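The primary structure of each chain is shown beneath.
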Amino acid sequence: MEVKALILAGYGINCENETAYCFRKAGAQAEIVHLRDLLSMERGLLDYHILAFPGGFSFGDDIASGKVLANKFKVSLFDDLVELVRSGGLVIGICNGFQVLVKMGLLPGFHGDYGAQKVTLTFNDSGKFEDRWVHLRVENSKCIFTKGIKRMYLPVRHAEGKFFTSQNVLEKLNKNHQVVMRYISPEGGKAIYPWNPNGSLEDIAGICDETGRVFGLMPHPEAFNHYTNHPRWRREKIRESGMKIFENAVKYIKENF
Amino acid sequence: MLTRIEVGFKERIIDARGEKTKRRIIEDLGIRIEKVKTADVYTILGELEEEEIRKICEELFCDPLIQEYSINEPLNREHDWIVEIGFKPGVTDNVGKTSEEGIKDLIGKSVRVFTSTLYFLKGVSRDEAERIAKELLANELINRIHIMRDGRVLETPLVKEEHKPRVQTFKLKEMSDEELMKLSGERTLALSLEELHAIRDYFYSERVRRERMERGLPEDPTDVELEALAQTWSEHCKHKIFNALIEYEDEDTGEKLVIDSLFKTFIKRSTEEIREEMGERDFCVSVFSDNAGIMKFNDEYNIALKVETHNTPSALDPYGGALTGILGVNRDVLGAGKGAKPIFNTDVFCFASPFYSGELPPRILHPKRIFEGVRLGVEHGGNKSGIPTINGCIVFDDRYLGKPLVYCGTGGIMPSEINGEFSHEKKTEDGDLAVMVGGRVGKDGIHGATFSSEELHIASPTSAVQIGDPITQKKMMDFLLEARDRGLIKCITDNGAGGLSSSIGETAQFSNGCEIYLERVPLKYHGLDPWEILLSESQERMTVAVSPSKIDEFLELAKKRDVEATIVGKYTSTGKFHVLYEGRTVAYIDMEFLHHGVPQMKLKARWRRRRHEEPEFEPDDLNEELLKLLSRLNICSKEYVIRQYDHEVQGGSVVKPLVGVMNDGPSDASIIRPILESFEGLVVSNGIIPRYGDIDTYHMVACSLDEAIRNNVAVGGNIDHMAALDNFCWCDPIKSENNPDGDFKLAQLVRANMALYDYTKAFRVPCISGKDSMKNDYVYENIRISIPPTVLFTVVSKIEDVRKAVTMDVKREGDLVYILGFTRDELGGSEYYAMHGYIGNNVPKVNAKEARERYLKLRNAIYEGVVASCHDCSDGGLAVALAESAFSGRMGMEIRAERIPSEKMPVDHLLFSETQSRFIVTVHPEHQERFEEIMSGTCFAEIGVVKGDSLIVKHEGRVLINTPIEALEEAWKRTLRW
């Protein structure tokens, strides 16, 4: 079957091309769709199996990153979005896309209650935008996208990636296996700066909803689409890449839809 | 109704902006401060219900998890003083604009929003608060500042414009020469007396008077006409110095030359001759004629390249200047041919030392502030546009105190054909419509073109400062590329210097005429005079020529993409530059006169070699010398800056600016895959060495070009598919009373151009685009600070298969270390001499024939896979290159210096000489034979081995250097570890 992925674009989103490339490489039919074409109903969310919110600076990160785009979705497309998830579709938010998912409350979506903001992503403790590669431990979670992955090495590129929430929500996330990945040191231990690049609570780099079908992460798997993206491909044999995340998504749809 | 909302972080949440501000107050201003907290302020103008205000706060402005808000009452934070920084009327408020859209989404109402920032300062006096505000937080050119003990000031920076637009005329006929020059000065026209005479003679000629009369114009030129001419004829747009008739005299040899245009004689001629030599292998597609140069990438795609400078705006407002600089050069690429998509940025800055502690002349900002502002501007401009910043460098010299140099470069990709037409070809025809796309027009940036053609002085107009908005531009860019692919664009160009006057005026040369209807131009606010609308340099605008049959589709698509597009004129074949305002003609100039009427400048250049003192010193300990060199500003790690730029967006990063075991080694060049499905790559590098110009700008240019090519070759760039871009930044080369050595500076420029011709030819690397900025001086009363003559070469090449690329970090213990190239005693202008307070005279000289041979062979060795690492020798010479390669690979080296092919010279010279065209290469032992075979016939030597964890250099048994690589790395990193 044809797996159809919608890659959102427009208003300052800027990783749509490489995100679409990864989905295509993973075997999906990926279509880059401008937000305006969704708002004007020229394209319908429910015609797709996968929705990706790529990285970038939607609305310039003005006010707070992801906030304005999240509101736009909430005001006019939220019902379709929730329907897409409930009907078995997948949603991934990368970097700015993660910020959007969190701010519109699609994540963490406790008890299927989408729409309430429970966690946030805010300014890095360093006060800086930084582009650096980070080591990640993939937790045993419900997340569809990370099945079979234990470790990842990916770039982060953000100024507002510090994961924060209340103690209560944090406990729930842990208990529900919704924490998908954490920053770790190169040796696999507890990450301090710069290995935890932003000061995230409990080194959290990505979370999913209770179904495991909605996934948000700060690092950029689409920027590691080929071994030559790895900063040390001239020194080491590179076996893994960020592609696995996209392959898992396509595989899941093929098997479950 | 005004509503003031303040949003701040909750008590126990880290206020990262406050913490960072506190650090900078302590470090940059030396003020001891206890605490800094910040808050965002949104002042809303519009009728809102209480419930709506609460909804806006809770669902838009405030993040409930970490922030709290107050409505119409002050947020309480511990403080002694509160500083509020907002914008002055008319200055772009990007967050304000987004807030308006956010509110519309949320409650469906249109309001105005003005933003400002509150800083709660604890532990400072009022005077200190004022210093913090003025020297760190705000720029008084664009910001308003309130310093308060308590309470707030409720105001909105609305433009209150009651001015009624009008058109003035000038009786040039009756003006004396003195009055003419006064007019030029008062209106910032930057026209010379000769040019003013040419304008006067034109307007009062019989034919022109008659034709203008028929259009209802008086015989005296209007302000619209005068301004359009001044802009079109500005140094910035017409490059009058590069096109001048120059009498050059070499006083040392008595040689005399007459040069009719430096540009044509040296730059353009070289490219033409190289292209002819290349014949069928010519990869140049469009050179020197468009907004950007265009070269071939493969059969399906071309690459557009452009590097600009934005020096004066960055001197006045470092953040805004650099931001508009980078966005402007993006538009140049977007406006090349029928439009290219930007795929990388490259940025080079020249600053005075950020640790400068001397007096600052009036209106000059501290170099650290310029550094930080420019860095941030480029960060926002690049990152927010989704364009990776993959290459760059920073040069430090205290003569850049007068004017920092901010070079912004962009490469773009375009399909070579679109709908069966060549994408690099553009044209306009009679009847085509001129459409302005993107942002609106305000008074910002008026006189940018003429202003940059002048020195920076105390009364420089503040309207020359613009603030860009990357997101507005990104939206426009996405739309225009979509329109391009649908075949809706016939011609496109950006609105940069000179605004519509320039964009329509220049593209109207194809059709030979235009009509512009100024009243149709969408304005940010009322009260602009017609000439201001025509000349405004408001950002994020492009001008597109659309044929009448496609205009509906074009405008429809613009609407769908939420981008403003307005027909503001049409192209004609009347031979006239015709501007109307509300139906009345306000300018009517012959296209021929507008574009070709400027009289050629006649200048004199006089060269005499300057002798500098030859250094006399004995170094005590070469370990110390090396460590000190590594810490020098021009050599030390720039990781602080590089990390804050996204160098990986678009997904094609192959060789990053930082490489090695810990991703922190200084790469010589960067490589990207512009087409993710392909292994073909682009290699981007640069060369810039102003120090050598203190001895001879001829060799400075030769070395800068060699450095750029060398860097490029070091990672795998192919010199047979390589193009260069030249950017000249000079100090005023026109002799006058207050610039007595102008003729010498012009001679330096002539010599620089001679070298450009000689060496681009010898390397067979053509320049395909370039730019000059000629008045980089600061003048105040009797202070004159001139920049050193500076030339930047940006070099871009193609690598067929990126999997063949190499990096500069050593890879394996036991690998053999080679030096490629012969070392001469060439320390004139070197970092080593500079460190000891000398310039010297033995400036490095390039042997291009030998170098090219080496570069070709090295390329072959790299492509064959027998090179493990390769690093170029530049600032600081061989020893610095060895140290960098070693610590980037976290391995030591043992080097036997007596094996280095060289002239006889003291050992410190051998280690630190900056002889050009050399590399340090490491090779796995199993590849030794093949590597040496490939390189045979060139000068090279095996000089040591990768081993241990110290850099050890011995000379005939004597240990010159023995330092752990950790210490070298630390010395290299500590200077700019901010």
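**Notes on the interface of chain A and chain B**
So, step 1. Contacts between the two partners involve 61 residues from chain A, matched on the other side by 72 residues from chain B.
So, step 2. Regarding the contact of chain A and chain B, the summed buried area is about 5300 Å², with carbon and sulfur atoms giving 52% of it.
So, step 3. On the chain A side of the contact with chain B, Ile-63, Arg-234 and Arg-235 of chain A bury the most area, a combined 14% of that side's loss.
So, step 4. For the pair chain A and chain B, the number of links is eight salt bridges.
So, step 5. The closest approach of N and O atoms between Asp-105 of chain B and Lys-72 of chain A, which form a salt bridge, is 2.8 Å.

**Observations concerning the environment of Arg-561 of chain B**
So, step 1. You can see Arg-561 of chain B is positioned in the loop between helix H18 (551–560) and strand E21 (565–571).
So, step 2. Arg-561 of chain B sits 79 residues away from Glu-482 of chain B along the chain, and the two C-alpha atoms are 9.8 Å apart.
So, step 3. Filtering out sequence-adjacent residues up to four positions away, Arg-561 of chain B remains in contact with His-34, Arg-36 and Asp-37 of chain A together with Lys-475, Phe-479 and Glu-482 of chain B.
So, step 4. A polar side-chain atom of Arg-561 of chain B sits 2.9 Å from a polar atom in the side chain of Asp-37 of chain A.

**Thoughts on the domain arrangement of chain B**
So, step 1. Each assigned domain of chain B is listed here: domain 1 (2–148), domain 2 (167–259 + 426–598) and domain 3 (806–978).
So, step 2. Once you take the C-alpha centre of each, domain 2 of chain B and domain 3 of chain B turn out to be 51 Å apart.

**Things to note about helix H4 (residues 78–86) of chain A**
Residues lying three or four places apart along an α-helix face the same way, a consequence of the helix completing one turn every 3.6 residues.
Residues and elements named next belong to chain A.
So, step 1. Listed as buried for H4 are Phe-78, Leu-81, Val-82, Leu-84 and Val-85. Relative to the axis of H4, the buried residues are bounded by an arc of 155° and lie together on one face. Across H4 from its buried face, at more than 90 degrees, point the exposed residues Asp-79 and Arg-86.
So, step 2. Buried residues along H4 sit in contact with strand E3 (50–53), helix H3 (67–76), strand E4 (90–94) and strand E11 (214–217).
So, step 3. Just downstream of H4, Gly-88 is the residue with a positive phi angle, here 100°.

**Some thoughts on unusual backbone geometry**
So, step 1. Along the chain, Leu-107 of chain A connects to Pro-108 of chain A via a cis peptide bond; the corresponding omega equals 0°.
So, step 2. Considering the arrangement of structural elements, one finds Pro-108 of chain A in the loop between helix H5 (96–103) and strand E5 (119–122).
So, step 3. Looking along the chain, the bond that leaves Tyr-193 of chain A and enters Pro-194 of chain A is cis, with omega of 5°.
So, step 4. Looking at where Pro-194 of chain A falls in the secondary structure, it is placed in the loop between strand E9 (179–184) and strand E10 (204–208).
So, step 5. Not every positive phi belongs to a glycine, and Ser-261 of chain B is a case in point at roughly 80°.
So, step 6. Looking at where Ser-261 of chain B falls in the secondary structure, it is placed in the loop between strand E8 (256–260) and helix H10 (262–278).
So, step 7. Among the residues examined, Ser-261 of chain B registers a relative accessible area of 1% and is labelled buried.

**Considering the packing of H10 of chain B against helix H23 (residues 742–763) of chain B**
Residues and elements named next belong to chain B.
So, step 1. Between H10 and H23, whose axes approach to 9 Å, the crossing angle comes to 0°. In terms of their interaxial angle, H10 and H23 are classed as roughly parallel. Across the interface between the two elements, Leu-262, Thr-265, Phe-266, Ile-267, Arg-269, Ser-270, Glu-273, Ile-274 and Glu-277 of H10 pack against Leu-749, Val-750, Asn-753, Met-754, Leu-756, Tyr-757, Thr-760 and Lys-761 of H23.
So, step 2. Among the residues making up the contact of H10 with H23, the classes are represented as nine nonpolar, four polar and four charged.

**A look at the nonpolar core**
So, step 1. Ranked by internal contacts, the top residues of the largest apolar core, which has 119 residues, are Phe-23, Phe-73, Val-91, Met-104 and Leu-106 of chain A together with Phe-61 of chain B.
So, step 2. With seven residues, the top contributor of residues to this core is helix H7 (residues 243–256) of chain A.
So, step 3. Ile-709, Phe-728, Cys-767 and Cys-870 of chain B belong to the second-largest nonpolar core, a separate cluster that totals 71 residues.

**Comments concerning the packing of aromatic side chains**
All names here are of chain B.
So, step 1. Using the criterion set out here, one finds 35 aromatic pairs over all chains in the structure.
So, step 2. Each ring, one from Tyr-640 and one from Trp-978, has its centre 5.4 Å from the other, and the planes form 75°; the classification is edge-to-face. Of this pair, Tyr-640 sits in helix H21 (residues 639–642) while Trp-978 is found in the segment after helix H29 (965–974), placing the two residues 338 residues apart along the sequence.
So, step 3. According to the relative accessible area criterion, Tyr-640 is buried, its value standing at 13%.
So, step 4. Given the relative accessible area of 24%, Trp-978 is considered partly exposed.
So, step 5. Members of the aromatic cluster, each reached through a chain of ring pairs, are Phe-349, Phe-351, Phe-355, Phe-371, Phe-396, Tyr-640 and Trp-978.
So, step 6. Taking the ring centre of Trp-81 as reference, the NZ or CZ of Arg-126 above it sits at 5.6 Å.
So, step 7. In this arrangement the basic side chain of Arg-751 is found over the ring face of Trp-607, its NZ or CZ atom lying 4.5 Å from the centre.

**Concerning the pairing of strand E35 (residues 816–820) of chain B**
Residue and element names in this part refer to chain B.
So, step 1. Of all five residues in E35, five are buried; the element is thus mostly enclosed.
So, step 2. Looking at chain direction, E35 and strand E38 (residues 919–923) are connected through five bridges and run antiparallel. Directly across from Leu-820, in E38, lies its bridge partner Phe-919.
So, step 3. Two elements, E35 and strand E39 (residues 940–946), share five bridges in a ladder whose sense is antiparallel. Paired with Ile-819 across the strands is Ala-941, a residue of E39.

Criteria and thresholds
Residues numbered from 1 in each chain as written. Chains lettered and ligands numbered in written order. Predicted model: local features only at pLDDT ≥ 70, side-chain atom pairs only at ≥ 80, totals over all residues. Heavy atoms only, no water. Contact = heavy atoms within 4.5 Å. Buried area = accessible area lost by both parts, 1.4 Å probe. Salt bridge = Lys/Arg side-chain N within 4 Å of Asp/Glu carboxyl O. Helix = DSSP H or I, 4+ residues; strand = E, 2+ residues; numbered from the N terminus. Polar contact = N/O pair within 3.5 Å; in protein donor to acceptor, adjacent residues only side chain to side chain. Domains from an automatic or database assignment. Buried < 20%, exposed > 50% of the residue type's maximum accessible area, 1.4 Å probe, protein only. Arc of directions from axis to C-beta. Axes fitted to C-alpha atoms, helices over the stretch in contact; angles between N-to-C directions. Parallel < 35°, antiparallel > 145°, perpendicular 65-115°, else oblique. Nonpolar A, V, L, I, M, F, W, Y, C, P; charged D, E, K, R; others polar. Core = buried A, V, L, I, M, F, W, Y, C linked by side-chain atoms within 4.5 Å. Phe/Tyr/Trp six-rings, centres within 6.5 Å; stacked < 30°, edge-to-face > 60°. Lys NZ or Arg CZ within 6 Å of the ring centre and 35° of its normal. Pairing = 2+ DSSP bridges.

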